[in-house]
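# A look at the structure
The chain contents come next:
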Amino acid sequence: MRYSDTAAPVITLTSGPVDAYPDVLRGLGRTVLYDYDPAFQAFYEKVVAKAQTAMRLSTRPVILHGEPVLGLEAAAASLITPRDTVLNLASGVYGKGFGYWAKRYSPNLLEIEVPYNEAIDPQSVADMLKKHPEISIVSVCHHDTPSGTINPINEIGALVAAHDAYLIVDAVSSFGGMNTHPEDCKADIYVTGPNKCLGCPPGLTLLGVSDRAWAKMKANEAAPRASMLSILDWKDAWSREKPFPFTPSVAEINGLDVALDLYLGEGPEAVWARHALTAKATRAGVRAMGLELWAASEAIASPTTTAVRTPEGIDETALRRAARERYGVVFSSGRGETHGRLTRIGHMGPTAQPIYALAAIAALGGALGSLGHRVEVGRGIDAALAVIDAAA
Ligand SMILES: *Cc1c(COP(=O)(O)O)cnc(C)c1O
């Protein structure tokens, strides 16, 4: 049997966009209110308050109306000036990519780059800050998704705060799937979105912004204003007293409202626990099949994505195609430098359920076998099941 690649798959186990929660999909179908209808303005205010609760912020978060790349680019454009020296931390494709944006707004860019299967060592950040007292902004990606690895942002954030520099964090694919919040890592701009661990379709950015970041952006004459890249324009949009600068994405707000209710209703700790357990079971299964994790150590492997190193001689694109055609299972590829070198199994939102570890192991092992690389799928399943059962 073959699954047509033009029909919907059976399961999408990707690292974003992810399959949305069915309740979110129903939420998207709610009435599209006029943005100046007081009912919508009151609703928007409530959704922002829920996002504030979920992000455990002491200030109102900002919603930007495009997928989180908009928020990352906006953070660079708004906070960084030519007088800043930026230290960009790169442990993967997204971390590296932020440096290119930073460079657009300041010629003074320093970088710590580590191999893309490793994490940033906080000691190296401490050393760099000591050597370069002029560093005024540090940028870091929490979960560099194309590598499936996690950086220690809380430790890094403490160092950056002690240095009195600003911190920009890309937490797009970690927030909502593990214990991370803007104030835990002392972020000045914390960029995330609902289209990864909150189980929404892509279309919005959520930003945590510190008071001092607001002050710096306001003082920056070159910070975007009257622009889709403007964070300043949307500052007070949460308040029903304030007009929206542009039309908000009404349907996406409907979906976000449901996603936040699901997250807060289930309980964040319970949500993180099922992400962690799904990832742990998947890693156990991968290893038991004799395959290698991409992450240099299990300690830095993400609870929201498991990246599996492509075995020697295997065409990674053919591997994902086989999983799609034979079993209807969609995995993510690597990106940029990691493309072709690993396959990613996402555990985000609705797919962060341990039973999906078994589906992933079976589809990955079966697809490899179909390409002539036989692995012991049964062992993988047993190992994953043992992890799940131990937590029962
Ligand atoms: C998904 C993601 C983004 C958003 O970018 P895409 O356009 O969806 O690729 C940004 N940063 C990280 C770390 C992400 O995982």
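Every value quoted in this text rests on a predicted model; they were computed, and no experiment measured them.

Procedures and definitions
- Residues numbered from 1 in each chain as written.
- Predicted model: local features only at pLDDT ≥ 70, side-chain atom pairs only at ≥ 80, totals over all residues.
- Heavy atoms only, no water.
- Core = buried A, V, L, I, M, F, W, Y, C linked by side-chain atoms within 4.5 Å.
- Buried < 20%, exposed > 50% of the residue type's maximum accessible area, 1.4 Å probe, protein only.
- Helix = DSSP H or I, 4+ residues; strand = E, 2+ residues; numbered from the N terminus.
- Contact = heavy atoms within 4.5 Å.
- Disulfide = S-S within 2.5 Å.
- Phe/Tyr/Trp six-rings, centres within 6.5 Å; stacked < 30°, edge-to-face > 60°.
- Lys NZ or Arg CZ within 6 Å of the ring centre and 35° of its normal.
- UniProt positions renumbered as here; feature names shortened; annotations may be inferred.
- Domains from an automatic or database assignment.
- Buried area = accessible area lost by both parts, 1.4 Å probe.
- Salt bridge = Lys/Arg side-chain N within 4 Å of Asp/Glu carboxyl O.
- Polar contact = N/O pair within 3.5 Å; in protein donor to acceptor, adjacent residues only side chain to side chain.
- Nonpolar A, V, L, I, M, F, W, Y, C, P; charged D, E, K, R; others polar.

## Section: the nonpolar core
- Ranked by size, the top nonpolar core spans 81 residues in total, and within it Y44, L87, L89, V169, I189 and I231 carry the most contacts.
- The element best represented in this core is helix 2 (residues 38-55), accounting for eight residues.
- Excluding anything up to four places from it in sequence, I189 contacts A75, L79, L167, I168, V169, L207, G208, A213, M217 and I231.
- Core analysis: the second largest hydrophobic core is formed by 21 residues, L293, V308, V329 and A363 among them.

## Quick word on the state of the cysteines
- Counted under the stated rule, the structure contains zero disulfides.
- In this structure C185 is a free cysteine whose sulfur lies 12 Å from that of C141, the closest cysteine sulfur available.
- Relative accessible area serves as the criterion here: at 0%, C185 is assigned to the buried category.
- No disulfide involves C200; its nearest neighbouring cysteine sulfur is the one of C197, lying 11 Å away.

## A word on the packing of aromatic side chains
- Evaluation of the coordinates by the stated rule reveals 10 aromatic pairs.
- Ring geometry for F40 against F244: centres 5.9 Å apart, planes inclined by 50 degrees, an arrangement best described as tilted. Here F40 is found in helix 2, whereas its partner F244 is found in the loop between helix 7 (211-219) and helix 8 (250-266), with 204 residues between them in sequence. For the pair F40 and F244, a shared accessibility class is recorded, and that class is buried.
- Connected via pairs of aromatic rings, a cluster forms that spans Y34, Y36, F40, F43, Y44, W234 and F244.
- Above the ring of W238, the side-chain terminus of R60 is found at 4.4 Å from the ring centroid.
- Stacked on the ring of Y166, the Lys or Arg R212 has its end atom at 4.2 Å from the ring centre.

## Re the environment of M55
- Position of M55 among the secondary structure elements: in helix 2.
- A relative accessible area of 0% means that M55 is categorised as buried.
- For M55 and K235, which are 180 residues apart along the polypeptide, the C-alpha to C-alpha distance reads 16 Å.

## Re the UniProt feature "modified residue: N6-(pyridoxal phosphate)lysine" (unreviewed entry) in the protein chain
- Here, the residues flagged by UniProt with the feature "modified residue: N6-(pyridoxal phosphate)lysine" (unreviewed entry) are K196.
- With respect to the helices, strands and loops of the structure, K196 is situated in the loop between strand 9 (189-192) and strand 10 (205-209).
- With residues up to four places along the chain from it excluded, the contact list for K196 reads S15, G16, V18, V172, S173, M348 and G349.

## Concerning the domain arrangement of the protein chain
- You can read the domains of the protein chain as domain 1 (11-19 + 268-391) and domain 2 (31-264).
- Each of domain 1 and domain 2 has a C-alpha centre, and the two are 28 Å apart.
- Summed over both partners, the interface of domain 1 with domain 2 comes to about 2,200 Å²; 62% of that surface belongs to carbon and sulfur atoms.
- Among the residues domain 1 hides against domain 2, the three largest losses belong to P268, W272 and I300. Together they make up 26% of the total.
- In this structure, R56 engages E269 in a salt bridge whose closest nitrogen and oxygen atoms are separated by 3.3 Å.
- If you look at where domain 1 meets domain 2, you find 14 residue pairs in polar contact (both at pLDDT 80 or more).
- Put simply, the parts of the chain that give the side of domain 1 that touches domain 2 at least two residues each are helix 9 (268-288), strand 11 (305-309) and strand 14 (342-346).
- Each residue belonging to the side of domain 1 that touches domain 2 can be placed in one class, and the counts come to 15 nonpolar, nine polar and six charged.

## Focus on the pattern of salt bridges
- Summed over all chains, the structure comprises 20 salt bridges.
- Two residues, D257 and K50, come together in a salt bridge whose shortest N-O distance is 2.5 Å. Of the two residues, D257 sits in helix 8 while K50 sits in helix 2, which places them 207 residues apart along the sequence.
- Under the relative-accessibility criterion, K50 is labelled buried at 19%.
- A salt bridge links E266 to R274, with the nearest nitrogen and oxygen atoms 2.7 Å apart.
- Exposure remark for E266: the relative accessible area of 37% places this residue in the partly exposed category.
- Ionic contacts of the salt-bridge type, sharing partners, join the residues R30, K50, D257 and D261 into one network.

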